[in-house]
Amino acid sequence: MLPMVWPEPGLPEQVTIYEVGARDGLQNEQAQIPTPTKAEFVRRLLAAGAPAVEATSFVHPKWVPQLADAAELMTGLVDELGDRARELPVLVPNDRGLDRALDLGLRHVAVFASATESFAQRNLNRGLESQFEMFAPMLDRALEAGMDVRGYVSMCFGDPWEGAVDVAQVVEVGQRLLDLGATQLSLGDTIGVGTAGHVRALVGAFDDAGIGPERLALHFHDTYGQALTNVHAGLQAGVTTYDASAGGLGGCPYAKSATGNLATEDLVWFLDGLGIRHGLDLSALVETSGWMAEQLGRPSPSAVVRALAHDATE
Ligand code: HMG
Ligand code: MG
């Protein structure tokens, strides 16, 4: 089954899907996933046509034990895929993480800031203001080394400890990451509480501050089932990069109530229905997520993965 195509005037003709399954997807898993399985996941995502596959995080292994094998994973991928693996983005919070990425000759790192004090404390072990003191020297060195730096902002819509998050506060944190040299901002709805009007207001507030939709990506977790509606609002506001996780895996171990990311397959189905190009192969994705569900021992939460897997067995 394929979606029927009904284009909607005024939406972008093409978008970039930034795949976070191997990082955001696996960082929250209870089970320890073997490194070769992670490598195979990355290879399959690349083979499915994903233009950007965030592979892992160079964070403190005690903080995220699920990704403690980051160096081993990336070394294996670089040995096997060479420069293609060096293009895979990885999360890096500080100088120590950057050293680890530089050792392997990686070219794309992503720093992750919090829009709230509570989450900065829990996720980065420092306050809203002092997170920038940790990021600044790291970004200087990364840019000096010719790397590209993506800047995430977490808790852009709501925070489990602080409630609603002021749009102006999110814009300020985003602006500071851009001032430090980030090339793109990914606005995270870490706990999935955002709704369409809020997305429009946030993208509009960035625009009013001189940061247009071409510099933004949207990163939705699907906790309340709003992710695709929010993508629609983002498309209407002109944003053309969307983060998604194959099979809908995901969550943040330091964000109470964060569940899976928007599933890449659900996003692809939605975009295909609108006739918006993205370059990914839906059946290869569904096969990959079916395989990963077997590795994890539970079905994918993605509606599209389940529906298409069911079709395939009919
Ligand atoms: P800290 O304890 O404050 O670090 O943690 P520190 O600088 O005080 O250093 C303490 C020790 O850790 C030192 O070792 C360092 O070398 C070592 P010692 O001298 O004691 O032997 N260390 C490291 N080791 C390896 N790699 C590193 C590293 N840094 C320090 N990079 C830190 C601060 C930021 C490191 C810690 O809080 C941390 O690792 N946090 C990561 C949390 C995380 O990964 N969360 C999930 C990702 S964010 C997310 O999911 C949201 C997102 O998806 C968007 C959204 O949904 O909103 C992106
Ligand atoms: Mg996330």
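Residues numbered from 1 in each chain as written. Chains lettered and ligands numbered in written order. Predicted model: local features only at pLDDT ≥ 70, side-chain atom pairs only at ≥ 80, totals over all residues. Heavy atoms only, no water.

The next point concerns the overall build of the protein. Per the secondary structure count, the protein includes 13 helices and 11 strands. Its C-alpha atoms give the protein a radius of gyration of 18 Å, within 12% of the compact-globule value 20 Å for 314 residues. Along the longest, intermediate and shortest principal axes, the C-alpha atoms of the protein span 55 × 45 × 35 Å. Carbon and sulfur atoms form 51% of the exposed surface of the protein, whose accessible area is close to 12,500 Å². Separation between the mean location of the 21 positive side-chain charges and that of the 41 negative ones in the protein comes to 5 Å. (Helix = DSSP H or I, 4+ residues; strand = E, 2+ residues; numbered from the N terminus. Rg over C-alpha atoms; globule rule 2.2 N^0.38 Å. Areas by Shrake-Rupley, 256 points an atom, 1.4 Å probe, with all protein chains shown as cover. Lys, Arg positive; Asp, Glu negative; His and termini not counted. Charge placed at Lys NZ, Arg CZ, Asp CG, Glu CD.)

Note on the magnesium ion (ligand 2): its protein donors are Asp24 (OD), His219 (NE2) and His221 (NE2). The metal-donor distances range over 2.0 to 2.3 Å. Spacing between the donor residues of the magnesium ion (ligand 2) along the chain follows D-x194-H-x1-H. The exposure class assigned to histidine 219 is buried, which follows from its relative accessible area of 5%. (Donors = N, O, S within 2.8 Å, 3.2 Å for Na, K, Ca; no water. Buried < 20%, exposed > 50% of the residue type's maximum accessible area, 1.4 Å probe, protein only.)

With that settled, the discussion passes to the packing of helix H11 (residues 264-274) against helix H13 (residues 303-313). In the contact formed by H11 and H13, the axes pass within 6 Å of each other and the chain directions differ by 80°. Overall, the two elements H11 and H13 adopt an arrangement that is roughly perpendicular. For the pair H11 and H13, the contacting residues are Glu265, Asp266 and Trp269 in the first and Ala303, Val304, Val305 and Leu308 in the second. (Axes fitted to C-alpha atoms, helices over the stretch in contact; angles between N-to-C directions. Parallel < 35°, antiparallel > 145°, perpendicular 65-115°, else oblique. Contact = heavy atoms within 4.5 Å.)

Near ligand 1, the surroundings consist of 28 residues, among which Gln27, His60, Asn94, Ser154 and Thr190 are the closest. One of the side-chain N or O atoms of glutamine 27 is found 2.7 Å from an oxygen atom in ligand 1. Looking at the shell around ligand 1, the elements with two or more residues in it are helix H1 (21-25), helix H5 (95-103), helix H6 (117-124) and strand E6 (148-154). If one sorts the elements of the shell around ligand 1 by residue count, H5 sits on top with 3 residues. Its residues assigned to classes, the shell around ligand 1 shows 12 nonpolar, 11 polar and 5 charged. (Near = heavy atom within 4 Å. Polar contact = N/O pair within 3.5 Å; in protein donor to acceptor, adjacent residues only side chain to side chain. Nonpolar A, V, L, I, M, F, W, Y, C, P; charged D, E, K, R; others polar.)

Take helix H12 (residues 282-296) next. With 15 residues, H12 ought to run about 21 Å at 1.5 Å a step, and its terminal C-alpha atoms sit 21 Å apart, in line with that. Turning to H12, its buried residues are Leu282, Leu285, Val286, Thr288, Ser289, Trp291, Met292, Ala293 and Leu296. As for H12, its buried residues are in contact with helix H2 (35-47), H11 and H13. Of the residues flanking the start of H12, the one acting as N-cap is aspartate 281, its side-chain oxygen 3.0 Å from the backbone nitrogen of serine 283. (Expected span 1.5 Å × (residues − 1).)

Okay, the pattern of salt bridges next. Counted by the stated rule, this structure contains 13 salt bridges. Between glutamate 87 and arginine 107 there is a salt bridge, and its shortest N-O distance comes to 2.7 Å. You can see glutamate 87 sitting in the loop between helix H4 (83-86) and strand E4 (90-91) and its partner arginine 107 sitting in the loop between H5 and strand E5 (108-114), a full 20 residues away along the chain. The closest approach of N and O atoms between aspartate 243 and arginine 150, which form a salt bridge, is 2.9 Å. Note that aspartate 243 is positioned in strand E11 (residues 241-244) and arginine 150 in strand E6, a separation of 93 residues in sequence. (Salt bridge = Lys/Arg side-chain N within 4 Å of Asp/Glu carboxyl O.)

Moving on: the environment of glycine 204. Position of glycine 204 among the secondary structure elements: in helix H9 (residues 196-208). Judged by relative accessible area, which is 26%, glycine 204 ranks as partly exposed. A C-alpha to C-alpha distance of 7.6 Å links glycine 204 and alanine 237, two positions 33 residues apart in sequence.

Next up on the list: the confidence of the model for the protein. Per-residue pLDDT for the protein has a mean of 96; in total, 99% of the residues score no lower than 70. For the protein, H13 is the element with the lowest average pLDDT, namely 86, and strand E10 (residues 216-220) is the one with the highest, namely 99. (pLDDT = per-residue confidence, 0-100.)

A separate point is the packing of aromatic side chains. Each aromatic ring pair is specified by the distance between its two centres and by the angle formed by the two planes. Scanning all chains against the criterion turns up 4 aromatic pairs. Seen in terms of ring centroids, tryptophan 63 and tyrosine 254 are 5.2 Å apart; in terms of plane orientation they differ by 50°. Their pairing is tilted. Of this pair, tryptophan 63 sits in the loop between strand E3 (56-57) and helix H3 (70-81) while tyrosine 254 sits in the loop between E11 and H11, and the two are 191 residues apart along the sequence. Taking relative accessible area as the criterion, tyrosine 254 reaches 24% and is therefore assigned partly exposed. With a centroid separation of 6.5 Å and an interplanar angle of 20°, the aromatic rings of phenylalanine 119 and tryptophan 161 are classed as stacked. Residue phenylalanine 119 is located in helix H6, and its partner tryptophan 161 is located in the loop between strand E7 (158-159) and strand E8 (163-164); the two are separated by 42 residues in the primary sequence. (Phe/Tyr/Trp six-rings, centres within 6.5 Å; stacked < 30°, edge-to-face > 60°.)

One non-glycine residue, asparagine 125, lies in positive phi territory at about 60°. Its place among the elements puts asparagine 125 in the loop between H6 and helix H7 (130-144). One non-glycine residue, methionine 155, adopts positive backbone phi at about 60°. You can see methionine 155 is positioned in the loop between E6 and E7.

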